[in-house]
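Per-entry structural report
Here is what each chain is made of, one letter per residue.
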Amino acid sequence: MRRFLTPGWLGLHAIAVLLCGAFIGFGWWQYDRAQAGNDRSWAYTFEWPIFAIFVIVMWVKMIRDEKAGVSPAPKVIEEPAEAAVKRAIIRQQEEEDPALAAYNRYLARLNSQTDRRG
């Protein structure tokens, strides 16, 4: 539980409390406007508390993920072997359809010429 008292987590806790309070306040404000005759405010009366519930759900999810040791993103992003795969696809296409291969080479040449101009 001590890890949830670090400055980063305390900031998240404060933001969650602030957002929930603001969203509930906005919902109450819309309720008052709806009572005064603004029909559109009835939708907002229910929408703002739903936003507050969403903040609570996400806050609980972040705490559970931290307890379980789930990281939000992978530590190392592995790049696929794109160049080798592209070469294999191009080689296969050239074997299957020489006209398509010639057209693709033509487009690649045009693309390289526009890169030099811009």
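For clarity, every value in this text was computed on a predicted model and none was experimentally measured.

Time to look at the environment of Glu 94. With respect to the element layout, Glu 94 can be found in helix H3 (residues 82-96). Considered as a pair, Glu 94 and Asn 104 are ten residues apart in the sequence and their alpha carbons are 9.4 Å apart. Apart from residues no more than four positions distant in its own chain, Glu 94 is found in contact with Ala 101 and Arg 105. Within the structure, Glu 94 has its side chain in polar contact with the side chain of Arg 105 (distance 3.2 Å).

Let us now look at a nonpolar patch on the surface. A cluster of nonpolar side chains, Trp 28, Tyr 31, Trp 42, Phe 46, Ile 50 and Phe 51, forms an exposed patch at the surface whose accessible area comes to about 650 Å². Of all elements in the fold, only helix H1 (7-35) and helix H2 (41-68) reach the threshold of two or more residues within the nonpolar patch. Residue contributions to the nonpolar patch peak at four residues, all from H2. Within the secondary structure layout, Phe 51 lies in helix H2. Under the relative-accessibility criterion, Phe 51 is labelled partly exposed at 34%.

What counts as what
- Residues numbered from 1 in each chain as written.
- Predicted model: local features only at pLDDT ≥ 70, side-chain atom pairs only at ≥ 80, totals over all residues.
- Heavy atoms only, no water.
- Helix = DSSP H or I, 4+ residues; strand = E, 2+ residues; numbered from the N terminus.
- Contact = heavy atoms within 4.5 Å.
- Polar contact = N/O pair within 3.5 Å; in protein donor to acceptor, adjacent residues only side chain to side chain.
- Patch = residues over 30% accessible without salt bridge, like charges linked within 9 Å, V, L, I, M, F, W, Y side chains within 5 Å.
- Areas by Shrake-Rupley, 256 points an atom, 1.4 Å probe, with all protein chains shown as cover.
- Salt bridge = Lys/Arg side-chain N within 4 Å of Asp/Glu carboxyl O.
- Buried < 20%, exposed > 50% of the residue type's maximum accessible area, 1.4 Å probe, protein only.

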